[in-house]
Amino acid sequence: MNYFSSNFKLGILGGGQLGKMLLYDTRKFDIYTCVLEANNDAPCKMACNEFHLGDLMNYDAVYNFGKQVDVLTIEIENVNVDALEALEKEGIKVYPASNTLRTIQNKATQKLFYVDNDLPTAPFSRFAFTSEITEAIERESLLFPFVWKCAQFGYDGTGVKIVRSMTDLENLPSVECITETLVPFKNELAVIVARNASGDTKTYPVVEMEFHPEANQVEYVICPARISEDVAKKATDIALKTSLAFNHVGLLAVEMFQTLDDQILINEVAPRPHNSGHHTIESSYTSQFEQHIRAILNLPLGRTDSKVGGVMVNLVGAEGYTGDVVYEHIETIMKMDGVTPHIYGKKQTRPFRKMGHVTIVNENLDEARKIAEQVKNTIKVISE
């Protein structure tokens, strides 16, 4: 099929920043794009060929949108999977597939999938309601501390809490959830695996993620991770094994813990471009976004190695500011060597909302990390 400068249509479910960055590359290749999104001010609106308003969880909205395109992909997991399944049966190519999404959307089924496929993950228990956790603690079948995660619709630190005592349970919603043993770890790592429909597979170098202690959001992504070759190989092998188990097409970001004794445990996966791969736009031969397009269109995959060391800093809304966004001191960071800001196009800021990211590239990774800290301490996302 001719994808370029033709009447081929690529559909994207979700209109956020990941979609916007995918559209950098569809525009480069002149691929016609249609986006479905519920928010009329979404970042994708300015960059796609057709913008459709609709609820991603609504069966009819997703089904009717999908009927108009040749290949359908996602930039967010929370979409109506039943509609995707119906579209697949009618011959629309959907990547990632509906069964992959169905497994990943629910953290309990995702964890069971790891167990069934002999993939290493932290021990866990599942509960129909948060209220049942209290009984498990009283019976001593669950011990403090543990991690609580709502089974569905959590993202970027929402729906996750470390529970050290009964009081930590007090304000949690009573929903289907899992609890995980709190694993002491040295590092949080991630590997992005790209796979096309022909089964060709490539992995990006292992990255290391530094988290914000309160917001439970990634603060820095460092590539390559500062780990031994042995650990890097172990993480890459587990990511490849995970990709094979899902038999996915597109990108699969596998987030992992490196334990104190250098075991690798899977935390969770995302079947789409991922925050841990944003640095690839500047630091890699092929960005994760271009690679996703290559994979879902069954084109040859691009080189995944890095041209240069990269560190990414997330730009999130500062605490105490809500309203029309202002990027304070952006000119100052642009004076720094190797610094590239990406602004997502969200007009309204609020505390901890992801508003953009900044990539820092440098031949010396320690230097890049130092500049990243300067960037973090200089630019502020505030409101007028």
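Calculation notes
Residues numbered from 1 in each chain as written. Predicted model: local features only at pLDDT ≥ 70, side-chain atom pairs only at ≥ 80, totals over all residues. Heavy atoms only, no water. 1 Å grid on protein atoms, 1.4 Å probe; cavity = no way out; pocket = protein on both sides within 12 Å on 5 of 7 lines; lining within 4 Å. Points joined across faces, edges and corners; volume = space filled by probe spheres on them. Helix = DSSP H or I, 4+ residues; strand = E, 2+ residues; numbered from the N terminus. Nonpolar A, V, L, I, M, F, W, Y, C, P; charged D, E, K, R; others polar. Disulfide = S-S within 2.5 Å. Buried < 20%, exposed > 50% of the residue type's maximum accessible area, 1.4 Å probe, protein only. Pairing = 2+ DSSP bridges.

As a further point, take the layout of surface pockets. When its volume is computed, the second largest pocket comes out at roughly 290 Å³. Of all elements in the fold, only β13 (218–223), β16 (309–316) and β21 (380–383) reach the threshold of two or more residues within the lining of the second largest pocket. If one sorts the elements of the lining of the second largest pocket by residue count, β16 sits on top with 4 residues. Among the residues making up the lining of the second largest pocket, the classes are represented as 9 nonpolar, 4 polar and 4 charged.

Moving on, we come to the state of the cysteines. Tallied over the full model, the rule gives 0 disulfides. The cysteine Cys48 is free of any disulfide, with Cys44 supplying the nearest cysteine sulfur at 6.2 Å.

The subject of this paragraph is the pairing of strand β10 (residues 185–195). With respect to burial, β10 is a largely interior element, 9 of its 11 residues being buried. Alignment of β10 against strand β14 (residues 250–259), held across 10 bridges, turns out to be antiparallel. Bridging from a neighbouring strand, Val191 pairs with Val254 of β14. Examined bridge by bridge, β10 and strand β12 (residues 207–211) share 3 bridges and lie antiparallel to one another. Directly across from Glu188, in β12, lies its bridge partner Met209. What sits between β10 and strand β11 (residues 201–203) in their antiparallel hairpin is a turn of 5 residues, with Gly199 showing a positive phi close to 90 degrees.

Once that is clear, we can look at the sheet that holds strand β17 (residues 323–328). Strand order across the open sheet formed by 3 strands is β19-β17-β21, with antiparallel pairing between neighbours. At either margin of the open sheet sits one strand with a lone partner, and together these are β19 (348–349) and β21. Bridging between β17 and β19 involves 2 bridges; their strand directions are antiparallel. Paired with Asp324 across the bridge in β19 is Gln348.

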